[in-house]
Amino acid sequence: MMRNPRGFLQMVAAIVLPIMLVVGAAGAIAPQAAQAAMPPTVGSVSPSSGNAGTLVIIHGSGLMGLKAVDFGTTPAKFYFSLFGMVITFAPSGATGRVPVTVTSAVGTSLASESATFQYPPQCACGTLPTVSSVAPASGPTPGGTMVTITGNQLFGATAVDFGTVPATGVMVMSATSVMAVSPAGVGTVDVTVQTPNGTSPVSAADKFTYESTACPAGLSSCSGPVPLTSDCATIGAYCSTNPDSVPGTTPNPDMNVVSDSSGSTYVPPGTSTKMTYGPLSVPAATSSAMGQDWNFPKTNLAMPCTNCYITSLVADLTYTNGTEATLASGAWFHHAVFLDTAKTDATCPSAVWNLYGVKGERFFASGDEKTPMVLPPGYAWYVGANDTWDMIYMLMNMNTAAINVDITLTATWVPATQGTSLTPVHPFWLDIDQCGTSQLNETSAGYNVFSYTWNVNTPGRLVGLGGHVHDGGINLVVQDDTQNNLLLCNSVAGYVQAPPPMQGMAAMVSNGVGQYVIATMSGCGGGWGTTPPIATLNAGDQVSIHAVYDNALDPGSDTQGVMGIVIGFVAETGSTPGGTTGS
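Note that the structure is predicted; figures quoted are calculated from it, not measured.

**Overview of the environment of Thr344**
Among the structural elements, Thr344 can be located in the loop between β25 (331-340) and β26 (361-366). Distance in space between the C-alpha atoms of Thr344 and Arg362 is 8.6 Å, their sequence separation being 18 residues. Setting aside its immediate chain neighbours within four residues, Thr344 contacts Pro349 and Glu361.

Following this line, the structure appears as structure tokens:
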């Protein structure tokens with residue numbers, strides 16, 4: 001989904017800014033033009049408290065063309081302002097309650113009570129931080145292992161070092177936990193944490209051992225950059241992991257992770273119905289750009305059933321003659337997102353999808369990975385008699401002639417009258433740009449970790465999860481921070497070599513994109529396992545997602561944008577077999 005050569009925000013700017021200039025030239029918005037010369041203002045900061053690394057949204061006016069965002073005197077990384085909104089991350093180094101200010105070419109916003117951010121209390125006693133454990137305690141020599149460092153007095157951590165080499169993606173989770181991505185290294189090194197009080201002393205508990213570039217013990221299933229070998233000899237950090245030894249998590253005996261391409265161990269019950277949406281015409285490519293249908297909405301879709309329980313969904317892209325449309329033939333199934341307009345989205349009741357002319361509960365998404373939704377035995381998703389479906393899709397064409405294709409959706413379902421033994425589930429959607437455009441710009445070379453934390457508002461039995469990242473992504477870890485960092489899913493990207501460059505791919509290949517692309521994403525639970533649930537989510541639990549990227553895998557990801565999306569299914573507390581909740 002959305003591996004797009006142009007970021008959504010850049011697209012909006014290209015459309016909106018020229019319109020504003022034309023209207024302003026005509027004198028129709030003279031008051032706004034005068035106001036543009038005034039310093040920016042910050043009206044609110046959401047959330048108004050949290051740890052370093054917290055995603056923060058700033059609302060105000062005059063926020064276009066910002067030069068700086070500061071938390072007190074500490075500068076923060078920030079992203080393009082859209083409709084009076086700036087996306088930023090609380091920087092490390094600031095303490096206590098600090099004003100949040102923004103600076104543009106015409107000045108800096110005034111500090112105010114409504115524009116502050118509160119960091120957790122810091123230790124004022126000068127006590128050094130300590131490291132009591134490093135998990136995992138080993139990883140491949142190229143680096144890229146997500147590591148959880150446990151200890152004390154870790155609030156305000158400004159850096160983590162593996163030996164003398166600084167780690168990337170440092171995130172302060174709590175006073176006793178910091179996450180970081182290991183740099184490249186050799187041998188056994190001490191992992192130390194730096195805070196304003198000093199650097200943690202070395203000890204026997206802070207050791208991290210670099211293993212050879214062959215797969216470390218317990219790792220298998222290669223997925224990564226060239227060459228793609230069966231023994232992982234040159235893959236190193238891009239080997240998928242044993243589900244019970246994922247970096248920085250507590251082993252979860254109820255989790256079963258397999259690639260969607262390795263075959264299902266469970267065939268869902270019911271009637272199989274294939275829906276065809278099309279024909280959809282995708283314009284021809286030019287010498288410098290692919291032809292594309294960019295996030296087109298399609299409303300009032302025909303549905304496979306109503307007043308029924310759906311047990312599985314699989315999407316595909318085909319030519320109008322029924323043959324599969326693939327990257328090898330120049331057709332790219334970028335993504336299709338399906339929404340039920342009769343239901344409310346669990347995590348974004350007023351999601352940005354409304355900008356595309358659609359709304360409702362996001363219940364399924366697919367793209368070139370074609371990851372299926374297969375619910376485990378005894379669970380199903382209910383479709384009411386009055387439900388309606390919408391779709392947002394993006395398709396690309398690398399041929400010199402336009403193509404006509406269909407998006408297909410194959411559903412397995414049973415009538416509600418036969419679903420008395422099924423327990424209803426509800427979908428939820430999480431991503432690193434939650435309730436936004438689902439896309440952020442990569443901020444620096446090397447490894448980057450993009451995160452989001454959800455306060456669970458649909459408690460119950462978690463029965464399935466699937467992840468999505470853009471090219472350049474390594475994996476996406478989902479864990480319940482409240483339950484001692486309990487691993488819920490490690491969704492790993494599998495890469496394949498793209499076909500020789502075609503017309504329209506020149507721009508992609510020039511920056512490294514298109515040479516190796518993601519073809520699969522592993523899933524968790526669902527029909528691949530027979531021991532649901534994955535876990536029980538409690539109301540108020542903090543569930544975090546962490547998308548790990550290596551800029552070297554996709555040099556264009558800093559301009560294309562990155563994604564980290566999770567779709568999960570939970571049987572809410574109180575759900576009973578045969579129930580029809582959620583309609």
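**Topic: the pattern of salt bridges**
Overall, the coordinates contain five salt bridges when judged by the stated rule. Salt-bridge contacts for Asp387 lead to Lys343; the nearest nitrogen and oxygen are separated by 3.5 Å. Residue Asp387 is located in the loop between β28 (379-383) and β29 (389-397), and its partner Lys343 is located in the loop between β25 and β26; the two are separated by 44 residues in the primary sequence. Side by side, Asp387 and Lys343 carry an identical accessibility label, which is buried. Among the charged side chains, a network of salt bridges with common partners joins Asp340, Lys343 and Asp387.

**What about the state of the cysteines?**
With the rule as written, the count across this model stands at two disulfides. Disulfide pairing is shown between Cys305 and Cys308; the S-S distance is 2.0 Å. With the S-S dihedral at roughly 70°, the linkage between Cys305 and Cys308 falls on the right-handed side. Classification of Cys305 by relative accessible area gives buried; the value is 7%. What makes Cys308 buried here is its relative accessible area of 1%.

**Details of the confidence of the model for the chain**
Averaged over every residue, the pLDDT of the chain is 73; the share at 70 or more is 69%. Per-element averaging of pLDDT across the chain places helix α1 (residues 8-25) at the bottom with 33 and strand β30 (residues 403-415) at the top with 94. Here residues 501-514 is a poorly scored stretch, pLDDT under 50, and it has 33 contacts once near neighbours within four places are set aside; other chains count. Within the model, pLDDT remains below 50 along residues 527-531, and this stretch shows 20 contacts once partners closer than five positions in the same chain are excluded.

**Examining the environment of Val147**
Mapped onto the elements, Val147 comes out in strand β11 (residues 146-152). Every residue in contact with Val147, bar those within four places of it in the chain, is listed here: Val134, Ala135, Pro136, Phe162, Val178, Met179, Ala180 and Phe208.

**Here we look at the sheet that holds β26**
Backbone-to-backbone hydrogen bonds pair the strands of a sheet. The strands run either parallel or antiparallel. Judged by pairing direction, the sheet is antiparallel, and its four strands sit side by side in the order β23-β29-β25-β26 without closing on themselves. Every other strand in the sheet has two partners, leaving β23 (291-301) and β26 as the edge strands with one partner each. Pairs of neighbouring strands in the sheet enclose a mean axial angle of 15°, with direction left out of account. Note that β23 and β29 share seven bridges and pair antiparallel. Its bridge partner lying in β29, Lys298 is registered against Met391.

**Comments concerning the packing of aromatic side chains**
By the definition in use, this model includes 13 aromatic pairs. The interplanar angle of 75° and the centroid separation of 5.1 Å between the aromatic rings of Phe117 and Tyr119 together place this pair among those described as edge-to-face. Taken individually, Phe117 and Tyr119 each receive the classification buried, so the pair is uniform in this respect. When the centroid spacing of 4.3 Å and the interplanar angle of 25° are considered together, the rings of Phe363 and Trp381 count as stacked.

**Comments concerning the side chain of Thr74**
Looking at where Thr74 falls in the secondary structure, it is placed in strand β4 (residues 74-75). Excluding residues within four positions of it along the chain, Thr74 makes contact with Val69, Pro91, Ser92, Gly93 and Ala94.

**Things to note about the environment of Phe333**
Within the secondary structure, Phe333 is located in strand β25. Distance in space between the C-alpha atoms of Phe333 and Met394 is 7.1 Å, their sequence separation being 61 residues.

**Considerations on unusual backbone geometry**
With an omega dihedral of -5°, the bond running from Ala135 to Pro136 counts as a cis peptide bond. Along the polypeptide, Pro136 turns up in the loop between β9 (130-135) and β10 (138-140). The residue after Gly278, namely Pro279, is reached through a cis peptide bond having omega 0°. As for its placement among the helices and strands, Pro279 is situated in strand β22 (residues 271-282). Phi is positive for Asn300, close to 50°, though the residue is something other than glycine. On the secondary structure map, Asn300 appears in strand β23. Look at Asn300 and you get exposed, because its relative accessible area is 60%. Backbone geometry places Asn307, a non-glycine residue, at a positive phi of 50°.

Analysis parameters
- Residues numbered from 1 in each chain as written.
- Predicted model: local features only at pLDDT ≥ 70, side-chain atom pairs only at ≥ 80, totals over all residues.
- Heavy atoms only, no water.
- Helix = DSSP H or I, 4+ residues; strand = E, 2+ residues; numbered from the N terminus.
- Contact = heavy atoms within 4.5 Å.
- Salt bridge = Lys/Arg side-chain N within 4 Å of Asp/Glu carboxyl O.
- Buried < 20%, exposed > 50% of the residue type's maximum accessible area, 1.4 Å probe, protein only.
- Disulfide = S-S within 2.5 Å.
- pLDDT = per-residue confidence, 0-100.
- Pairing = 2+ DSSP bridges.
- Axes fitted to C-alpha atoms, helices over the stretch in contact; angles between N-to-C directions.
- Phe/Tyr/Trp six-rings, centres within 6.5 Å; stacked < 30°, edge-to-face > 60°.

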